[in-house]
Structure formats: structure tokens, C-alpha cells
Amino acid sequence: MQKVDLKAQYKALYAPSAKVVAAVTVPAWQFLLVDGTGDPNTSERFQQAVETLFALSYALKFLVRAEQAVDYGVMPLEGLWWSDDPSAFSLQAKERWSWTVMIMQPAYVTEELVARARAQVAAKKDLPLLPALRFETYAEGLAAQTLHIGPFSTEEATVVRVHDFIAQAGYRPEGKHHEIYLSDIRRAAPERWKTVVRQPMR
């Protein structure tokens with residue numbers, strides 16, 4: 001059995017320093033994705049989307065392990081956040097947000113495997129958003145990122161640091177605000193939550 005640690009392979013992208021903001025180039029990767037709108041803290045669709053993503057991601061992991069003799073850890077949940085009116089995007093106005101939640105899938109996962117895993121999950125669980133889940137490539141390219149440690153309510157200062165770095169480097173933000181959730185918020189204390197904050201730039 002081959003064991004693969006994807007987070008270790010892509011440490012620069014999934015375990016950045018909290019002390020500095022850094023420029024990174026993010027390759028095109030394949031993801032499972034679900035879209036929605038509204039405040040994630042109160043949105044039933046958001047909770048259903050997360051449950052659906054993890055259910056299918058674990059089904060794929062076990063298929064790959066059984067059929068390809070490769071064992072890898074399911075990657076963390078990621079979120080893209082934006083507003084149709086960029087000037088209205090604010091961490092204090094979450095009810096106006098649009099979002100995509102997603103989980104990166106390794107190259108072992110194919111369209112055919114996703115279709116089979118989807119059928120397996122559908123037979124076992126009632127997940128209303130399973131038909132809405134997509135499997136596609138997301139390309140981000142050049143971005144600035146850092147690690148935020150603490151609750152989401154204190155994240156704004158970290159976001160400002162990222163945008164200041166972009167401006168000072170002579171770039172401009174372009175694309176969707178991106179977060180990667182490294183902690184299990186059900187178990188970890190809020191002051192220890194770790195979130196990668198990333199912003200594409202051009």
C-alpha cells in the first residue's frame with residue numbers, strides 16, 4: 001500500500017507561516033465543489049454542502065485505496081467567497097456573500113470514479129445537494145497568502161495584511177477571496193483555529 005501525504009507535498013500552499021505574507025503560484029487542481037449564497041453561519045445549504053463534500057471525498061478515498069492501493073488523507077475544506085458587487089464584499093455583511101465550498105482531489109480521482117462514488121453515497125445517505133456537486137479543475141495562479149490563527153471574527157486584520165502586501169508588491173487583487181480551513185472547529189478552541197487566507201493577484 002502506497003501512502004501519500006498531500007498536505008506535506010504541497011506544504012507551501014497548505015501550511016504557510018502566520019508571520020509573513022508570501023507570494024505563491026497555485027497550480028490547476030481538480031476539486032469537488034458546491035455553490036451557494038448567504039451567511040455560512042446560518043445557511044442550511046452551507047451545512048449540507050460541507051456534509052456532501054466530505055461524504056463523497058471519503059468514498060473516493062476508499063475506492064482509490066481498494067482499487068489502486070494508494071492511501072491518502074482527505075484534504076481540508078476550502079471556501080471561495082465573493083460578492084457580485086466587489087465594493088459590497090465585507091466580512092461584516094456575510095448575508096450578501098456568494099460562496100463555493102470545495103475539497104481538492106488527487107490525480108488518482110477520475111470522472112468515472114466520481115460517478116461511482118456518487119452512486120455509492122446516494123445509496124447510503126439522503127444528501128439533497130449531491131446532484132449539485134461538481135467535479136472540475138480550478139486554476140488560481142499567482143496569489144498572496146498567509147496563515148490566520150484565531151476565530152473567524154478576528155480575520156479582518158489578516159485580510160488587510162494580505163491586501164497591503166499585494167498593493168506594496170505592485171499588483172492588484174483579482175478573483176475570489178480564498179480560505180482553507182485546517183482545524184476541526186468542533187474540537188479545537190477558537191483561539192487555535194488555523195485558516196489559510198489567500199487572494200489571487202495580477
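Refer to the structure printed above.
Residues numbered from 1 in each chain as written. Predicted model: local features only at pLDDT ≥ 70, side-chain atom pairs only at ≥ 80, totals over all residues. Heavy atoms only, no water.

Participant: How would you sum up the sheet that holds strand β6 (residues 98-105)? Please name residues and give values.
Facilitator: Taken in spatial order, the eight strands of this open sheet run β2-β8-β10-β9-β5-β6-β3-β7, and their pairing is antiparallel. Whereas interior strands pair on both sides, the edge strands pair on one side only; in this sheet they are β2 (22-26) and β7 (134-138). Neighbour-to-neighbour, the strand axes of the sheet open up by a mean angle of 35 degrees, direction not taken into account. Where strand β5 (residues 77-82) and β6 come together, five bridges link them in antiparallel fashion. Directly across from Trp-81, in β6, lies its bridge partner Trp-99. In the packing of helix α3 (residues 44-68) onto the sheet, contacts are made with β3 (29-37), β5 and β6, and the angle to β6 comes to roughly 10 degrees. (Pairing = 2+ DSSP bridges. Helix = DSSP H or I, 4+ residues; strand = E, 2+ residues; numbered from the N terminus. Axes fitted to C-alpha atoms, helices over the stretch in contact; angles between N-to-C directions. Contact = heavy atoms within 4.5 Å.)

Participant: How would you sum up the nonpolar core? Please name residues and give values.
Facilitator: Burial of nonpolar side chains together is a common tendency in soluble globular proteins. Leu-32, Leu-53, Leu-56, Leu-60 and Val-101 are the most contacted members of the largest nonpolar core, which totals 50 residues. Looking at this core, the element that brings in the most residues is α3, giving ten residues. Ignoring sequence-local partners within four residues, the contact set of Leu-53 consists of Leu-32, Leu-33, Val-34, Leu-77, Val-101, Met-102, Ile-103 and Leu-133. Val-21, Val-159, Ile-166 and Val-197 belong to the second-largest nonpolar core, a separate cluster that totals seven residues. (Core = buried A, V, L, I, M, F, W, Y, C linked by side-chain atoms within 4.5 Å. Buried < 20%, exposed > 50% of the residue type's maximum accessible area, 1.4 Å probe, protein only.)

Treat this as a map of the structure, not an account of what it does.
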